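Tertiary structure, described
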Amino acid sequence: MFMKNCWYVAAWSHELIDDALVGRTLLNEKVLLYRGNDGKVCAMEDRCCHRGARLSMGRLEGNCVRCMYHGLLFDSSGACVEIPGQESVPPNLKVRNYPIVDTGHLVWIWMGEPTLVDESKIPDFPYLKDPAWHGRPDYLHYDANYQLIADNLADINHIAYVHTNTLGGSERYVVEQTASPLEKLDDGFRLTKWHMNSDLPPFVKKIEKKMGKVDRWNTVEMKVPAYFFLESGFSPAGTGIEKGNKEGSLEFHNFQAMTPETDRTTHFFWVYMHNQKKDVELYSHSLHDSILEGFHEDKAIIEAQQEVLDADPKFKLRAIASDAPLSHLRWLVDKRIKEESTQA
Ligand code: FES
Ligand SMILES: [Fe+2]
């Protein structure tokens, strides 16, 4: 069961170029994504209503898609507008069309009740639109349920052990940190953790050669069903970051969106951004490669965890204190799913 009445990331905007017909499974549904010649992005069922061929194996014709099995032509609303060799087209011959919005370099899809669509609820990550911020957007495919990935992000303490030699830097992160109280929101949570007078982690040492001891901060905000926003950085130790003084700091902004593909697989869209003014591309590439290395460390743990959980459905997970954020997020998602099924 998934939350349906919300926006999910279906693709990066740059994936829908060059007349590509992208077939992608989202929430167990086969969806065709494409950009018509008018520049507008469309999403429809990736299943021809005639005999079930995949429309993503078809051909873009202007703003329409032709099924390359028997040639039926569908417009961007999903209505069949032409049947080769047949004069009239029955008015009810159509495939499902999904509400879709192309904004902020991302393509957002609404898989739920169309009458409840509300574009103002599209999560905002403003740095993708801000020319002062730079990063290389990317995608990973996960053989794991999307909530296991969200759990991982909700407990940032994992950087100490999973990412000791990459993003974390030290197992001491867990025991030396100070944290703000968990801020429970109606649609997620917010939490800040500081690690004062620490060393730069390996991924930052690659690009920053002058800083000595630093005060590190990580402000995590997550929103249902599975959006992750991280504001993080490193300031020279003792200069007052806990009071908001960011002078002389290195700052990063990170966005990750998890869209269920199936119950056991996930589309993972991510970008890690910096605001350096010099050597912008070098920073972007270095950070991208370092973060990706870290994400492969997460992926190995989480995909193996999925296999373990699948092997014994009766296995009961036990909670520790740092699970509070992920428990809140899971509770909110369950609540929203229940509300949706009651409304339906
Ligand atoms: S299956 Fe698409 S035209 Fe026949
Ligand atoms: Fe991680």
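Predicted model only: the values in this text are computed from it and were never measured. (Residues numbered from 1 in each chain as written. Chains lettered and ligands numbered in written order. Predicted model: local features only at pLDDT ≥ 70, side-chain atom pairs only at ≥ 80, totals over all residues.)

**A few points about the packing of helix α1 (residues 146–154) against helix α6 (residues 280–311)**
- At their nearest, the axes of α1 and α6 sit 10 Å apart, and the two run at 130° to each other. In terms of their interaxial angle, α1 and α6 are classed as oblique. In this structure, the crossing between α1 and α6 has a hand that is right-handed. Counting all contacts with α1, which are made through L148, I149 and N152, the residues of α6 involved are D298, I302, Q305 and Q306. (Axes fitted to C-alpha atoms, helices over the stretch in contact; angles between N-to-C directions. Helix = DSSP H or I, 4+ residues; strand = E, 2+ residues; numbered from the N terminus. Parallel < 35°, antiparallel > 145°, perpendicular 65-115°, else oblique. Left-handed = near helix turned anticlockwise from the far one by under 90°. Contact = placed C-beta atoms within 7 Å.)

**Remarks on the environment of E176**
- One can find E176 in helix α4 (residues 172–176).
- The class of E176 is partly exposed, set by 14 C-beta atoms lying within 10 Å.
- Linking E176 and P84, residues 92 residues apart in sequence, is a C-alpha distance of 70 Å. (Buried ≥ 20, exposed ≤ 12 C-beta atoms within 10 Å, placed from the backbone.)

**Side note on the sheet that holds strand β3 (residues 29–35)**
- Here we have 3 strands laid out as an open sheet, ordered β2-β3-β4, and antiparallel in their pairing. Edge strands, defined here as strands with exactly one partner in the open sheet, are β2 (22–26) and β4 (41–45). Going across the sheet, the axis of each strand differs from the next one's by a mean of 30°, ignoring polarity.
- As paired elements, β2 and β3 share 5 bridges and run antiparallel to each other. Looking at the pairing, R24 lines up with V31 of β3. (Pairing = 2+ DSSP bridges.)

**Remarks on the packing of α1 against helix α7 (residues 324–343)**
- With their axes 8 Å apart at the nearest point, α1 and α7 run at an angle of 140° to one another. Crossing of α1 against α7: the hand is right-handed. On α7, the residues that touch Q147, A150, D151 and A154 of α1 are P325, L326, L329 and R330.
- Looking at the contact of α1 with α7 residue by residue, the class counts come to 5 nonpolar, 1 polar and 2 charged. (Nonpolar A, V, L, I, M, F, W, Y, C, P; charged D, E, K, R; others polar.)

**Quick notes on the sheet that holds strand β8 (residues 80–82)**
- Read across the open sheet, the 4 strands follow the order β5-β6-β7-β8; overall the sheet is antiparallel. Only two strands of the sheet have a single neighbouring strand rather than two, namely β5 (59–61) and β8.
- Of the pairings in the sheet, the one linking strand β6 (residues 64–66) to strand β7 (residues 73–74) comprises 2 bridges and is antiparallel in character. Along β7, the bridge assignment pairs R66 with L73.

**What about the pairing of strand β9 (residues 100–103)?**
- In this structure, β9 lies alongside strand β10 (residues 106–110), joined through 4 bridges in antiparallel fashion. Bridge pairing in β10 links I100 to I109.
- Counting the residues between successive antiparallel strands, the hairpin from β9 to β10 contains 2 residues, one of them, G104, with a positive phi of roughly 60°.

**Describing unusual backbone geometry**
- The linkage connecting V224 with the following residue, P225, adopts the cis geometry, with an omega of -5°.
- Along the polypeptide, P225 turns up in the loop between β15 (214–223) and β16 (227–236).
- Positive phi values are uncommon outside glycine, yet D279 reaches one of about 50°.
- Within the secondary structure layout, D279 lies in the loop between β18 (265–274) and α6.
- Residue classification places D279 among the exposed residues on the basis of 11 C-beta atoms within 10 Å.

**Side note on α7**
- Here α7 is 20 residues long and its end C-alpha atoms lie 29 Å apart, about the 28 Å a rise of 1.5 Å per residue gives.
- If you follow the buried residues of α7, they end up packed against α1, β13 (183–185), β14 (188–198) and β15. (Expected span 1.5 Å × (residues − 1).)

**Structural notes on α6**
- A rise of 1.5 Å per residue sets the reference length of α6, with its 32 residues, at 46 Å; its end C-alpha atoms lie 46 Å apart and thus fit the reference within 8%.
- Inspection of α6 places Y283, L287, S290, I291, G294, F295 and D298 among the buried residues, and these make up the whole buried set.
- Those residues of α6 that are buried lie in contact with β11 (138–142), α1, α2 (159–162), α3 (164–168), α5 (202–205) and β18.

**Re the domain arrangement of the protein**
- The domains assigned to the protein are domain 1 (7–121) and domain 2 (126–343).
- The gap between the C-alpha centroids of domain 1 and domain 2 is 33 Å.
- Every contact between the two is made by 10 residues of domain 1 and, on the other side, 10 residues of domain 2.
- Put simply, the parts of the chain that give the side of domain 1 that touches domain 2 at least two residues each are β1 (7–12) and β2.
- For the side of domain 1 that touches domain 2, the element with the highest residue contribution is β1, accounting for 4 residues.
- Its residues assigned to classes, the side of domain 1 that touches domain 2 shows 6 nonpolar, 4 polar and no charged. (Domains from an automatic or database assignment.)

**Re the pairing of β4**
- Within β4, 4 of the 5 residues are buried, leaving the element largely enclosed by the surrounding structure.
- Across 5 bridges, the pairing between β3 and β4 is antiparallel. If you follow V31 over to β4, its bridge partner there is E45.
- In textbook terms, the turn of a hairpin is the stretch between consecutive antiparallel strands, and for β3 and β4 this stretch comprises 5 residues, one of which, G39, has a positive phi near 90°.

**Things to note about the nonpolar core**
- Of all hydrophobic cores here, the largest spans 82 residues; its most connected members are A10, L33, A43, V107 and I109.
- Formed jointly, this core draws a minimum of three residues from each of two domains, domain 1 (7–121) and domain 2 (126–343).
- Ignoring anything within four residues of it in the chain, the contact list for A10 reads R24, L26, L33, A43, I100, V107, W108, I109 and T259. (Core = buried A, V, L, I, M, F, W, Y, C linked by C-beta atoms within 7 Å.)

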